[in-house]
Every structure is written in C-alpha cells, then in structure tokens.
Amino acid sequence: MSNTKPFLNRYQTYDFVNRNPVIKNKVDVSHGTVLYMEGVSISFDGFKALNDLSLYINDGELRCLIGPNGAGKTTLMDVITGKTKPDAGSVYFGQTIDLLQMDESEIARAGICRKFQKPSVFEKLSVFENLELSMQSNRGTWVALFASLNSEQRDRIDEVLEIIGMTALRFQSAGILSHGQKQWLEIGMLLMQKPRVMLVDEPVAGMTNQEIDRTAELLLSLEGKHSVIVVEHDMEFIRSIAKKVTVLHEGSVLTEGTMDEVQNDPRVIQVYLGE
Ligand SMILES: Nc1ncnc2c1ncn2[C@@H]1O[C@H](COP(=O)(O)OP(=O)(O)OP(=O)(O)O)[C@@H](O)[C@H]1O
Ligand SMILES: [Mg+2]
C-alpha cells in the first residue's frame, strides 16, 4: 500500500474544506430568548460606556432602545456585533453561542447583522443588483455579478423587493434613489442574508415624515420573522412601532416597559430633562 497521498485536483472542490465556517452550533432559542447580555461593562479611558448592563431580547421581537446622547446605545450594538469586546459580562446568541468568543465576521455569518446610519448602497448598480450582491454566498463579488441566479435566489430577491416596497424600482439605479429609498434598500440588502437578529441605529434620521411612516411599516412587518433592535431619538417614530421599550442611561438599563410606561416614569423624565 502506498503511503503517499494523491495530489488534490485543482479543478475540483472538496467538501472537507470548510470555506465558510458558519456556526458551531444552531441558535438555541428553546427558552424564547435570542440574545442574552448579562453584566456587560466596558470603559474607555476610565469612562464607563456600558455599566453592568443586562438585556434579553426575545426571538422575533421588535425592541426599541432609547436614551439620551452618550447613554451607550451604539456601544451596545458594537458589543453585540463584535466590533468592541467588553471588559466584563457575557453575551450569548441563543443559549449556546458565546458571541464574545467570535470575531465580527463570524458573528455576521452566524446571523446577526447591523444597519449603520449612513446608507452604503452601490450607487452605480440597480436596486436588483444591489440585492443580488448581498446574497449570502461564498462567491466573490465578481462571480456574484456574472453568475446566473437560480430560481430560489430570484424568488428571495422578489420577496425582499416586496417587503421593502421597491418592486417597481427594481431596475432603477441606486444612485438616484431618495435618501429614504436608499435606507430601505439597505435594509433589503441585510434581509437577503436572512438574518436572525438585525440591529438598526437611527434609521429615520434625515427622512421626510412620509418616509418615516413607511419605515415604521417596514420594521413592523419584520416582527416575528427576525429579531430587530431599533435605536432612535425620534420619539414619535418609536411610539408608532414600540411594543417594549428599553431606556438606557449612563451605560445601564434605567427601565423597560411600554412606551406609555417609560414616558411616564419620573426617572426617565428626569434623565431627558437633564440632557
Ligand atoms: N471607541 C470609543 N472610545 C472612547 N469613547 C467611546 C468610544 N465609543 C463610545 N465612547 C463613549 O461612550 C459613551 C457612549 O457612547 P455611545 O456612542 O454608545 O452613545 P449613544 O447612546 O449611542 O449616543 P447617541 O445617542 O449620541 O448616538 C460616550 O460618552 C462616548 O463618547
Ligand atoms: Mg449612537
């Protein structure tokens, strides 16, 4: 028997090469919670941006996160997505996936994605092509643009176009979309990857009132299918989508409840008046 191993054929791909190590284990939500943050603290030069923060997000929930400037809202998103590692505490995706052991790209591949405030669509490409490019795949950008789509992929793009209300704009070049439309397209680009959790930081900043209403509808329509955490300063908008609202202050959860409950909470009023 020869002990020399055969050379691999470079025209072939091999299953044993795990090119995209995704998730070590499946997201376990058997207790209904998709995200656990416990005792999370992080300091920047001695300043506690998050201070013993604990927060639980239910699977499929739309959660609103409010709080004055500097309360730690964006830092909280940085910790969930792996951009920043906390000094203390634990952060779990479902009951078993320790996010603190994973880097940013592993966390994104596991199904937690984030929408930044500034839309970053490919201006020269059409709405459809932008969605096509965001499809979860091992393919490089070049291949993704020129390879043909299978019917399942086409269906997903159609479905997302419908969700973001941009079916009629599918061939429009993204560069000439309005600010609001770009934001929806970017939400659509995230949806192409079928994320389990979506973090959305200040989605309606700079939008017209009509665009804000449409964004509220869009985010509400995601409830149950994805877990969404929305950070926003526009209280009217928050009121229009809110079920449960978490108020952050000085890096900790000040209170949680319905919009009416938190708005009538004297501590919340105090915190906002003191701004
Ligand atoms: N990388 C960093 N280096 C130093 N300080 C930071 C860093 N990131 C955040 N901070 C500080 O932590 C605090 C919380 O900031 P964060 O951006 O999380 O607040 P926020 O609630 O998102 O506020 P806003 O509503 O203004 O967006 C702020 O005082 C900020 O200056
Ligand atoms: Mg912020």
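Peer 1: Would you explain the environment of E256 in this entry?
Peer 2: Among the structural elements, E256 can be located in strand β10 (residues 252-257). In the structure, E256 is positioned 11 residues away from V245 in sequence and 5.5 Å away in space, judged by C-alpha atoms. Ignoring anything within four residues of it in the chain, the contact list for E256 reads K244, V245 and T246.

Peer 1: What is the right way to look at helix α6 (residues 179-191) in this model?
Peer 2: Taking 1.5 Å of rise per residue, 13 residues should cover 18 Å, and α6 covers 19 Å from first to last C-alpha, within 8% of that figure. With 10 of 13 residues buried, α6 is to be regarded as a mostly interior element. All of the buried residues in α6 are Q181, K182, Q183, W184, L185, E186, I187, G188, M189 and L191. Turning to α6, the residues buried within the fold contact β6 (112-115), α3 (127-133), α5 (151-163) and α7 (209-222).

Peer 1: How do you make sense of the pairing of strand β9 (residues 244-249) when you look at a structure like this?
Peer 2: Here is the key point about a regular strand: its side chains alternate between the two faces of the sheet. Across the 6 residues of β9, 5 count as buried, placing the element largely inside the fold. One ladder, built from 4 bridges, connects strand β3 (residues 62-66) with β9; its direction is parallel. In the strand pairing of β9, C64 is matched with V245. Sheet topology note: the β9/β10 ladder contains 5 bridges and is antiparallel. Directly across from H249, in β10, lies its bridge partner S252. The turn joining β9 and β10, which pair antiparallel and follow one another in sequence, is formed by 2 residues; a positive phi near 50° is taken by E250.

Peer 1: Would you take a moment to explain unusual backbone geometry for this structure?
Peer 2: Excluding glycine, residues mostly carry a negative phi; peptide bonds, for their part, are mostly trans. Located in the positive-phi region is E202, a residue other than glycine, with phi close to 50°. Structurally, E202 is set in the loop between β7 (197-201) and α7. One non-glycine residue, E250, lies in the positive phi region at around 50°. Residue position: E250 is located in the loop between β9 and β10.

Peer 1: What is the right way to look at the sheet that holds β6 in this model?
Peer 2: Across a sheet, strands are paired by hydrogen bonds formed along the backbone, either parallel or antiparallel in direction. Taking strand neighbours across the sheet as the criterion, the 6 strands line up as β6-β7-β8-β3-β9-β10 in an open arrangement whose pairing is mixed. The sheet is open, and its two edges are formed by β6 and β10, each paired on a single side. Averaged over neighbouring strand pairs, the angle between their axes works out to 20° when direction is ignored. Note: β6 against β7, 4 bridges, orientation parallel. Each residue of the ladder has a partner; that of K115, found in β7, is V200. Strands β3, β6, β7, β8 (227-231) and β9 of the sheet are contacted by helix α1 (residues 73-80), whose axis makes an angle of about 150° with β7.

Calculation notes
- Residues numbered from 1 in each chain as written.
- Chains lettered and ligands numbered in written order.
- Predicted model: local features only at pLDDT ≥ 70, side-chain atom pairs only at ≥ 80, totals over all residues.
- Helix = DSSP H or I, 4+ residues; strand = E, 2+ residues; numbered from the N terminus.
- Contact = placed C-beta atoms within 7 Å.
- Expected span 1.5 Å × (residues − 1).
- Buried ≥ 20, exposed ≤ 12 C-beta atoms within 10 Å, placed from the backbone.
- Pairing = 2+ DSSP bridges.
- Axes fitted to C-alpha atoms, helices over the stretch in contact; angles between N-to-C directions.

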